[in-house]
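Take a look at the letters that make up each chain.
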Amino acid sequence: MAAGELASTATMNVTGNQTASMLAGMLAGGVTAQGLNGLDGKFNISGGNKGGTITLNHKSTSGVELTSKPGKTTTILGRYGSDTGDIIKELDLPKSTDFGGNPGGFNLLNTSDDLFTMLGPDGFWNEYNKPFLDAAISRGDEILMMSTPINNSTLYTKFGGLTGYGREYYYLLSKGYEYVDGKMILKGVK
């Protein structure tokens, strides 16, 4: 199969945060069809993992097992330095502002660092972080993975303000979620 045919085939299966441009870049970089299939099998790039689960190698600092749920997008939240940075590397996630889902796989916020620098904490929260969470809530994602422990040092800065993780935690609480054994679950849903 020629690279153009592979790109065309791969584009038809792209969902969520995995964009056609990412696949085109991988192809331009020399990734083979076999390599793409291997990545898809491990990280569910196509969103086709409807029946199985994916378990990441990263051991979360909260102790929560990082396993996807079949047919559902599993959104992972945590502190970048403690957990999500390593998870993003393991999944080899590209920088993106696409907040689409990934049924059977994972969803993490991974935008360009320049956006945070340009907008500051409040602007970034309003333009990217909150819409990311709203998309996960509206899809009914499994927001199970609070990969970093919930405590004062992870929720608050040394100056007493909320960290981004703290904002995510309290925002989910305001939307009817509760913290249960390292997971955020809608109240009344078990």
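About the thresholds
Residue indices follow the written sequence of each chain, beginning from 1 at its first position. With pLDDT at 70 or above as the cut-off, local features in this predicted model cover only qualifying residues; side-chain atom pairs require 80 or more to be listed or tallied, and sums for whole chains, interfaces and linings still use all residues. Heavy atoms from the whole structure form the basis of all side-chain values; hydrogens and water molecules are not counted. With a 1.4 Å probe rolled over the protein chains alone, any residue whose accessible area is under 20% of its type maximum counts as buried; one over 50% counts as exposed, and the rest are partly exposed. Strands are runs of DSSP state E lasting at least two residues, helices are runs of H or I lasting at least four, and both sets are numbered from the N terminus onward. Here a strand pair is declared whenever DSSP counts at least two bridges between the two strands. The length a helix should cover is 1.5 Å for every residue beyond the first.

Peer 1: Would you take a moment to explain the pairing of strand E1 (residues 74-77) for this structure?
Peer 2: Side chains Thr74 and Ile76 project from E1 onto one buried face, and the interleaved Thr75 and Leu77 project onto a second face that is buried too. Pairing of E1 with strand E2 (residues 106-107) involves two bridges; the strand directions are parallel. Among the inter-strand pairings, Thr75 is bridged to a residue of E2, identified as Asn107.

Peer 1: Explain the pairing of strand E4 (residues 177-180) here, please?
Peer 2: For a regular strand, side-chain orientation follows a simple rule: the groups alternate between the two sheet faces. By the bridge criterion, four bridges tie E4 to strand E5 (residues 183-186) in an arrangement that is antiparallel. Paired with Tyr177 across the bridge in E5 is Leu186. Taken together, E4 and the strand that follows it, E5, pair antiparallel across an intervening segment of two residues, in which Asp181 is found at a positive phi of about 50°.

Peer 1: Quick question: what am I supposed to make of helix H4 (residues 80-91) here?
Peer 2: Since there are 3.6 residues in each turn of an α-helix, residues three or four apart along the chain are aligned in direction. The end-to-end C-alpha distance of H4, which contains 12 residues, comes to just 14 Å, noticeably less than the 16 Å that a straight helix rising 1.5 Å per residue would cover. Every buried residue of H4 is accounted for by Asp83, Thr84, Gly85, Ile87, Ile88, Glu90 and Leu91. Count one or two residues on from H4 and you reach Asp92, which has phi positive near 55°.

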